[in-house]
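Report on the structure
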Amino acid sequence: MAASSSRIMLGPLVAAIDQGTSSTRFLVFNSKTAELLSHHQVEIKQSFPKEGWVEEDPREILQSVYECMERTCEKLTQLNIDISNIKAIGVTNQRETTLVWDKETGEPLYNAIVWLDLRTQSTVELVIIFPVSLQHKTGLPISTYFSAVKLRWLMDNVDEVHEAILSHRAMFGTIDSWLIWCLTGGKKGGVHCTDVTNASRTMLFNIHTMDWDPELCSYFGIPMEILPRVRSSSEIYGLMKSGALTGIPISGCLGDQSAALVGQMCFQDGHAKNTYGTGCFLLRNTGSKPVMSDHGLLTTVAYKLGRDKPACYALEGSVAIAGAVVRWLKDNLGIIDGSEELEKLAASVGTSYGCYFVPAFSGLYAPYWEPSARGIICGLTQFTNRSHLAFAALEAVCFQTREILDAMNQDSGIPLNQLQVDGGMTSNRLLMQLQADILCIPVVKPSMPETTALGAAMAAGAAEGVSVWSLSPEDLSEVTSEKFEPQINPEGQTWLPLYSETSIFSSVPLGFYILGSMLMLIGAKYISGQCLLACISAECVHMPVS
């Protein structure tokens, strides 16, 4: 009897598929309280066939979604929660990651090319003078980051893709399109669609007309017939066709950073959030009008929460490598076992001792947009050890955020007075305090960290025909949070001995870091391959530190 009444009190539930770069998760929320009831996570393998190439298997991604759904439903049943209370499913995904599949067989024609991938650098260099009129349509600079050049590479280099396009069997999509098509029936009537936030990351979408642009498609040589239909971020796209959740509508879709913006309740002009995942992404809501950046940021669609609702836009600062640096230190260098050890090592010394790390493994994104740049570690001495390098890695994430925040403040003209944060790295308390110190503003972390999945669930639950989640300001659940106050003097940048009793801050933090980035930009124009790393590192080592 108690179990029955608890099920009734839970009210309608909404689920979210959170398909990220390194893992897939399925989460279930109470639509009345935004409480996370249960979830399951599966890691995703990445392959690196060549230098700069990053791929993932679309079949593995799809299978991970089914596994996460099954395991989460089992956990809910063990909690005596009736899964028939799940009224809708939202999808949020790693953006820009590109794949093409055969609509007749339902099979992918090549691995998914991940957003971090650099194989299209030569293509980008050929079209480096991107017409201003086209850039105004997309809000994006020409870059290896976005989907159009990845799709062009597939068309030019994969025979199966070329042949499928000629025989009208090819379908293009980002990860959201692939999942929704498969989950709603696949080759047996699956829905081929995407939402405005994901479409706005392809370089084929006009952010003013809110549709695919014939001129952009012609410029990149992309046949429009292979593109998914563009929908709003909150409407019923189709119904689940298999598994325990058969018949439940998929009714929300947002690229991961837009989903986090919604999950952080950043619905007003000027609200901003920073997500620390594989990369680092700072988005600031600019309201119903797109704002073009003069300082290297992107103009993107933030969300469109309903077919008849207006689109909202955002300025975005994108950093390629944030949490990925932890995996690199673990898998490539073998100096840590995981993120918890990284925090312990960094906290044990409380300083990088003049060591600086610019992890430009995939070039530099905002505000520089230089795909030729490569990473550097400089300022090494005989005293430097792995703990200093761990601290430098955390500093690298914070300095990159400082660079894009400064650019955003210049574009908007109104400095942020605090930064809302989310993502896996926010569990690192040292990182959060260091970020507050480097930004000289408070950093606010929600107590429920799954804001990306929450945003997708909110969009799904609010969709017309579902309507179990109200997005009216007075109905939104109050979010509890933790605030990290800056512990330095912003005028003199004088550090307090916060991290250890013997902290030695012997660096000139942001200036030196930006100088390292600028050195890479200059060197990238003239130096390639390993010579770039060697030459720039040598220059940095001999540079005086004041």
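Here goes a summary of the coordinates provided. (Residues numbered from 1 in each chain as written. Predicted model: local features only at pLDDT ≥ 70, side-chain atom pairs only at ≥ 80, totals over all residues. Heavy atoms only, no water.)

1. Some points on the overall build of the chain
Note the threshold: Helix and strand assignments follow DSSP, with helices taken as H or I runs no shorter than four residues and strands as E runs no shorter than two, numbered in order from the N terminus. Three labels apply to residues, based on accessible area from a 1.4 Å probe with only protein chains included: buried if under 20% of the type maximum, exposed if over 50%, partly exposed otherwise in between. The contact definition used throughout considers only heavy atoms, calling two residues in contact when any of these lie within 4.5 Å. Residue-level accessible areas treat just the shown protein chains as cover; the underlying method is Shrake-Rupley with a 1.4 Å probe.
When helices and strands are tallied, the chain shows 17 helices and 25 strands. Across the 546 residues in the chain, those meeting the buried criterion constitute 60%. For the chain, restricting intrachain contacts to residue pairs at least 6 apart in sequence, the fraction spanning at least 24 positions comes to 72%. Just so you have it, the chain exposes about 21,400 Å², and 53% of that area is on carbon and sulfur atoms.

2. A few points about helix α7 (residues 175-183)
Buried residues dominate α7, accounting for nine of its nine residues. All buried positions along α7 are accounted for by I175, D176, S177, W178, L179, I180, W181, C182 and L183.

3. Some words on the packing of aromatic side chains
The relative placement of two aromatic rings is captured by the distance of their centres and the angle of their planes. Quick reminder of the rule: What counts as a ring pair is set by centres within 6.5 Å for rings of Phe, Tyr and Trp (its six-membered ring), and what kind of pair is set by the plane angle: stacked under 30 degrees, edge-to-face over 60, tilted for all other angles. To sit over a ring, a charge needs its Lys NZ or Arg CZ within 6 Å of the ring centre and within 35 degrees of the ring normal.
The tally for this structure, following the rule as stated, stands at 20 aromatic pairs. Arranged with centres 5.7 Å apart and planes meeting at 55°, the rings of Y110 and W153 form a pair that is tilted. Of this pair, Y110 sits in the loop between β6 (98-102) and β7 (112-113) while W153 sits in helix α5 (residues 147-157); the two residues are 43 residues apart in sequence, bridging distant segments of the chain. Assessed through its relative accessible area of 12%, W153 is described here as buried. Residues Y353 and F383 carry aromatic rings whose centres are separated by 4.6 Å and whose planes lie at 50° to one another, so their mutual orientation is tilted. One end of the pair, Y353, is in the loop between α12 (339-349) and β19 (356-358); the other, F383, is in the loop between β20 (376-378) and α13 (386-412), with 30 residues separating them in the sequence. Directly above the ring of F281 sits R95, whose terminal nitrogen or CZ lies 5.3 Å from the centroid. The aromatic ring of W53 is capped on one face by R119, whose charged end is 3.9 Å from the ring centroid.

4. Overview of the nonpolar core
Spelled out, the test is: By nonpolar core is meant a set of buried Ala, Val, Leu, Ile, Met, Phe, Trp, Tyr and Cys residues that side-chain atoms within 4.5 Å join together.
With 133 residues, the main nonpolar core has F205 and Y276 as its most contacted residues. Not counting the four nearest positions on each side in its chain, F205 is found in contact with K137, T138, V196, A199, S200, M210, D211, W212, L216, V230 and V301.

5. Digging into the packing of α5 against helix α6 (residues 159-166)
As a reminder of what qualifies: Here an angle of 0 to 180 degrees is reported between the N-to-C directions of two axes, which are lines fitted to C-alpha atoms, with helices fitted over the stretch in contact. Here the word oblique covers every angle except those under 35 degrees (roughly parallel), over 145 (roughly antiparallel) and from 65 to 115 (roughly perpendicular).
Where α5 contacts α6, the two axes come as close as 5 Å, and the packing angle between them is 95°. Taken together, the axis directions place α5 and α6 in an arrangement best described as roughly perpendicular. Contact with α5, carried on its side by L154, M155 and N157, involves D159, V161, H162 and I165 of α6 and no other residues of that element.

6. Points about unusual backbone geometry
The amide bond that connects A366 to the next residue, P367, takes the cis arrangement and shows omega of 0°. Structurally, P367 is set in the loop between β19 and β20. The backbone of H168 sits at a positive phi, close to 60°, despite the residue not being glycine. One non-glycine residue with positive phi stands out, namely M203, at about 75°. Within the fold, M203 resides in the loop between α8 (196-199) and β10 (205-206). On the accessibility criterion, M203 (1% relative accessible area) is buried.

7. Overview of the sheet that holds strand β2 (residues 23-30)
This is how the line gets drawn: We treat two strands as partners when DSSP finds at least two bridges between them.
Taking strand neighbours across the sheet as the criterion, the six strands line up as β3-β2-β1-β5-β14-β13 in an open arrangement whose pairing is mixed. Looking at which strands have only one partner, the edges of the open sheet turn out to be β3 (36-43) and β13 (234-239). Between one strand axis and the next, the sheet turns by 25° as a mean value, whatever way the strands run. Bridging between β13 and strand β14 (residues 249-255) involves three bridges; their strand directions are antiparallel. The residue of β14 that forms the bridge with G238 is I250. Across the sheet, helix α10 (residues 256-263) lies against β5 (86-93) and β14, angled at about 100° from β14, the strand it touches most.

8. Description of the environment of T452
Inspection of the secondary structure assignment puts T452 in helix α15 (residues 451-462). As for T452 and D18, which are separated by 434 residues in sequence, their C-alpha atoms are 7.4 Å apart. Beyond its immediate chain neighbours, meaning those up to four positions away, T452 contacts D18, T92, D256, A259, A260 and D422.

9. Topic: the pairing of strand β18 (residues 312-319)
Among the eight residues that make up β18, eight are buried, leaving the element largely enclosed by the rest of the structure. Burial of β18 is two-sided: the residues C312, A314, E316 and S318 facing one way and the residues Y313, L315, G317 and V319 facing the other way are all buried. Sheet topology note: the strand β16 (residues 280-287)/β18 ladder contains seven bridges and is antiparallel. Bridged to L283 within β18 is E316. Inspection of the sheet shows strand β17 (residues 298-303) paired to β18 by five bridges, in the antiparallel sense. Bridged to L298 within β18 is E316.

10. So, the side chain of Q121
Along the chain, the position of Q121 falls in helix α3 (residues 121-126). What makes Q121 buried here is its relative accessible area of 16%. Contact partners of Q121, with chain neighbours within four places excluded, come to T144, P371, S372 and R374.

11. Considerations on the sheet that holds strand β23 (residues 481-484)
Pairing in this open sheet of seven strands is mixed, and the strands run β17-β18-β16-β15-β21-β22-β23 from one edge to the other. Unpaired on one side and paired on the other, β17 and β23 mark the two borders of the sheet. On average, each strand axis in the sheet is tilted by 30° relative to the strand beside it, whichever way the strands run. In this structure, strand β22 (residues 443-446) lies alongside β23, joined through four bridges in antiparallel fashion. Residue pairing across strands places V444 opposite K483, the latter belonging to β23.

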